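# Structure at a glance
Here's the letter readout for the chains.
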Amino acid sequence: QVQLVESGGGLVQPGGSLRLSCAASGFAFDDYAIGWFRQAPGKGREAVSCFNNENSRTFYADSVKGRFTISRDNAKNTVYLQMNGLKPEDTAVYYCAADCLVTSPDMVKYWGQGAQVTVSS
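Cut-offs applied
Residues numbered from 1 in each chain as written. Predicted model: local features only at pLDDT ≥ 70, side-chain atom pairs only at ≥ 80, totals over all residues. Heavy atoms only, no water. Helix = DSSP H or I, 4+ residues; strand = E, 2+ residues; numbered from the N terminus. Rg over C-alpha atoms; globule rule 2.2 N^0.38 Å. Buried < 20%, exposed > 50% of the residue type's maximum accessible area, 1.4 Å probe, protein only. Areas by Shrake-Rupley, 256 points an atom, 1.4 Å probe, with all protein chains shown as cover. Lys, Arg positive; Asp, Glu negative; His and termini not counted. Charge placed at Lys NZ, Arg CZ, Asp CG, Glu CD. Pairing = 2+ DSSP bridges. Axes fitted to C-alpha atoms, helices over the stretch in contact; angles between N-to-C directions. Core = buried A, V, L, I, M, F, W, Y, C linked by side-chain atoms within 4.5 Å. Contact = heavy atoms within 4.5 Å.

## Quick word on the overall build of the protein chain
- Helices and strands together make up the secondary structure of the protein chain, namely zero helices and 11 strands.
- Reading the protein chain from its N terminus to its C terminus gives the helix and strand order β-β-β-β-β-β-β-β-β-β-β.
- Taking 121 residues into account, the globule formula puts the C-alpha radius of gyration at 14 Å, and the protein chain, at 13 Å, falls close to it.
- Projected onto the principal axes, the alpha-carbon positions of the protein chain cover approximately 40 × 30 × 25 Å.
- Here the protein chain, with 121 residues, has 44% of them falling under the buried criterion.
- When the accessible surface of the protein chain is summed, it comes to about 6300 Å², and 46% of that surface belongs to carbon and sulfur atoms.
- Of the side-chain charges in the protein chain, 11 are positive and 11 negative, and the distance between the mean point of each set is 5 Å.

So, in structure tokens, the structure goes:
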């Protein structure tokens, strides 16, 4: 079965760090750009970061650029999102997604179950 299993969410203080992991199985991992969307309370789902496996180029939303880093381990079928300098406005449910090279969340083929990230003092 197709699965994107997320881990690494939790509660962190402002300025702290977390690392999210997304482990994929049941599909051709190497054929998909894997990345992350997030949905904050009262807001729509927005793209956060994406790793293009064709050229290893990365995408970051302006709101996280310089603070978040996406990486990919093809041998482990896993994508990571290192989140540094976390802010309260980063609080959201983070969803792993394939294919993340889309213009709308409606175009994503596979979703992870979501990981809650809460940034609060």
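## Focus: the pairing of strand β5 (residues 45–51)
- Here six bridges tie strand β4 (residues 34–39) to β5, and the two strands are oriented antiparallel to one another. By the bridge assignment, Ile34 is partnered in β5 with Phe51.
- Here β4 hands over to β5 after five residues, with Gly42 in that stretch at a positive phi of 80°.
- The pairing of β5 with strand β6 (residues 58–60) spans three bridges and is antiparallel. Note on β6: the bridge partner recorded for Cys50 is Phe59.

## Section: unusual backbone geometry
- The omega torsion across Ala98 and Asp99 is -5°, close enough to zero to call that bond cis.
- Located in the positive-phi region is Ser56, a residue other than glycine, with phi close to 65°.
- Here Ser56 shows up in the loop between β5 and β6.
- With phi around 50°, Asn77 is a residue other than glycine that occupies positive phi space.
- Secondary-structure assignment places Asn77 in the loop between β7 (68–73) and β8 (78–83).
- What makes Asn77 partly exposed here is its relative accessible area of 24%.

## Notes on the sheet that holds β8
- Judged by pairing direction, the sheet is antiparallel, and its four strands sit side by side in the order β1-β3-β8-β7 without closing on themselves. Whereas interior strands pair on both sides, the edge strands pair on one side only; in this sheet they are β1 (3–7) and β7. On average, each strand axis in the sheet is inclined to that of its neighbour by 15°, with strand direction left out of account.
- Sheet analysis places β1 next to strand β3 (residues 18–25), joined by five bridges and oriented antiparallel. If you follow Glu6 over to β3, its bridge partner there is Cys22.

## Digging into the nonpolar core
- The biggest cluster of nonpolar side chains holds 31 residues, and the ones touching the most others in it are Ile34, Trp36, Phe68, Leu81, Met83 and Tyr94.
- Secondary structure elements with two or more residues in this core: β3, β4, β5, β7, β8, β9 (92–98) and β11 (115–119).
- Ignoring any residue separated from it by four or fewer positions in sequence, one finds Tyr94 in contact with Glu6, Leu20, Trp36, Phe37, Arg38, Val48, Phe68, Leu81, Met83, Gly114, Ala115 and Val117.

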